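A look at the structure
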Amino acid sequence: MDVKIHPSWKKVLKEEFNREYFLQVTNFVRMEKMSGKIIYPPGPLIFNAFNQTPFNEVKVVILGQDPYHGKDQAHGLSFSVPQGVKPPPSLVNIFKELSSDIGLKISSQSGDLTPWAKQGVLLLNAALTVREGEPFSHANYGWAEFTDNVIRILSEKKENLVFILWGNFARQKQTLIDETKHLVLFSAHPSPFSADKGFFGCKHFSKTNTWLVQHNIAPINWMV
């Protein structure tokens, strides 16, 4: 795969990249493309989260499930869409919570969360690729093992991170995190189907910044 990934992650994940399961998932994605399937995000953006947020700069992890499966939506950052693409419903609800939590009025015109990634917010999907129009189509081919190991490595090698887990799927990753040295925040998923069941009012953005400041870490400017 034609991928771009920051050198700091290449060093930390060197062993993962050489494991059998990882070779299998990369081969699977390659074969999907060779068979004519349209795969999102484009090859250079599959590891965009790892390219935009160097390992040594990670402060916060926001876990998504898999990439958007519509044309031009996915660009390798969980919940984010590229400039010029209308924010999907879950992201609109994230912006609503930002507004009620910290009074931040975000224009619904831009759903590009790259500014968060540049400040140390790792926008990690559990699966890094998807077949066009088929959600979760690549979820069971090795990506979960890779991203679970990413979470474990972050938990082991870093301190005072904030892990934001929205929805039941993300919450299952709690066991990978050492809660004696990291903050783990849970809520319902921001999807329109569940946002009113605990996502709205969760105040995760202010809670994240409070934790960071308490540990002498620069808070996140959530404006995009």
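Residues numbered from 1 in each chain as written. Predicted model: local features only at pLDDT ≥ 70, side-chain atom pairs only at ≥ 80, totals over all residues. Heavy atoms only, no water.

1. Re the side chain of His 182
Formally: In DSSP terms, a helix is any run of H or I states spanning at least four residues, a strand is any run of E spanning at least two, and both are numbered starting from the N terminus. Burial status follows relative accessibility: with a 1.4 Å probe on protein chains alone, a residue under 20% of its type maximum counts as buried, one over 50% as exposed, and anything between as partly exposed. Two N or O atoms count as a polar contact when they lie within 3.5 Å, although within protein this holds only if one can serve as hydrogen donor and the other as acceptor, and sequence-adjacent residues are included solely when both atoms are side-chain atoms.
Mapped onto the elements of the fold, His 182 is located in the loop between helix H8 (167-171) and strand S6 (183-187). Of the residues examined, His 182 reaches a relative accessible area of 3% and is grouped as buried. Within the structure, His 182 has its side chain in polar contact with the backbone oxygen of Ser 155 (distance 2.9 Å). Among the polar contacts made by the side chain of His 182, one reaches the main-chain amide nitrogen of Asn 160 at a distance of 3.5 Å.

2. Here's the deal with the packing of helix H5 (residues 89-102) against helix H9 (residues 204-214)
Formally: The axes are straight lines fitted to the C-alpha atoms, using for helices just the contacting stretch, and the angles between their N-to-C directions are given from 0 to 180°. For this classification, under 35 degrees means roughly parallel, over 145 means roughly antiparallel, 65 to 115 means roughly perpendicular, and everything else is oblique. Every residue pair with non-hydrogen atoms within 4.5 Å of one another is taken to be in contact.
Where H5 meets H9, the closest approach of the two axes is 8 Å, and the angle between their N-to-C directions is 60°. On the basis of the axis angle, H5 is oblique to H9. Note on element contacts: H9 touches H5 through His 204, Phe 205 and Ser 206, opposite Ile 94, Glu 97, Leu 98, Asp 101 and Ile 102.

3. Remarks on the packing of aromatic side chains
Spelled out, the test is: Note on aromatic contacts: the rings of Phe and Tyr and the six-membered ring of Trp form a pair at centre separations within 6.5 Å, being stacked when their planes are under 30 degrees apart, edge-to-face when over 60 apart, and tilted otherwise.
Applying the stated criterion across every chain yields a total of 22 aromatic pairs. Judged by centre distance (6.0 Å) and plane angle (25°), the rings of Phe 17 and Phe 146 are stacked. With Phe 17 in helix H2 (residues 14-17) and Phe 146 in helix H7 (residues 139-157), this residue pair connects regions lying 129 residues apart in the sequence. Note on accessibility: Phe 17 and Phe 146 belong to one class, buried. A centroid spacing of 5.9 Å and a plane angle of 55° characterise the contact between Phe 50 and Phe 146, whose relative ring orientation is tilted. With Phe 50 in helix H4 (residues 48-52) and Phe 146 in helix H7, the pair connects residues that are 96 residues apart, well separated along the chain.

4. With respect to the nonpolar core
Operational definition: The term nonpolar core refers to a set of buried residues drawn from Ala, Val, Leu, Ile, Met, Phe, Trp, Tyr and Cys, joined through side-chain atoms within 4.5 Å.
Of all hydrophobic cores here, the largest spans 70 residues; its most connected members are Trp 9, Phe 47, Phe 50, Trp 116, Trp 143, Phe 146 and Leu 154. Considering each element in turn, this core owes the most residues, 6 residues, to H7. Setting aside residues no more than four positions away along its own chain, Phe 146 makes contact with Leu 13, Glu 16, Phe 17, Tyr 21, Phe 22, Phe 47, Phe 50 and Leu 128.

5. Quick look at the packing of helix H3 (residues 20-34) against H7
Quick reminder of the rule: Handedness of a helix crossing follows the sense of rotation of the near helix relative to the far helix, less than a right angle counterclockwise being left-handed and clockwise being right-handed. Each residue gets one label: Ala, Val, Leu, Ile, Met, Phe, Trp, Tyr, Cys and Pro are nonpolar, Asp, Glu, Lys and Arg are charged, and the others, such as Gly, are polar.
Two numbers describe how H3 lies on H7: the axes approach to 8 Å, and their chain directions differ by 135°. Our classification of the angle between H3 and H7 gives oblique. Crossing geometry of H3 relative to H7 is assigned as left-handed. Residues Tyr 21, Phe 22, Val 25, Phe 28 and Val 29 of H3 form the contact with H7, whose participating residues are Tyr 141, Gly 142, Trp 143, Glu 145, Phe 146 and Asn 149. Broken down by class, the residue content of the contact of H3 with H7 amounts to 8 nonpolar, 2 polar and 1 charged.

6. Examining the sheet that holds strand S2 (residues 60-64)
Selection rule: Here, strands pair whenever DSSP counts at least two bridges between them.
In spatial order, the strands read S3-S2-S5-S6; together these 4 strands make up an open sheet with parallel pairing. Edge positions in the sheet fall to strand S3 (121-125) and S6, since each has one partner strand and no second. Strand-to-strand twist of the sheet, defined as the mean angle between neighbouring strand axes without regard to direction, takes the value 20°. Strand direction decides the pairing type here: strand S5 (residues 162-166) and S6, joined by 5 bridges, are parallel. Paired with Phe 163 across the strands is Val 184, a residue of S6.

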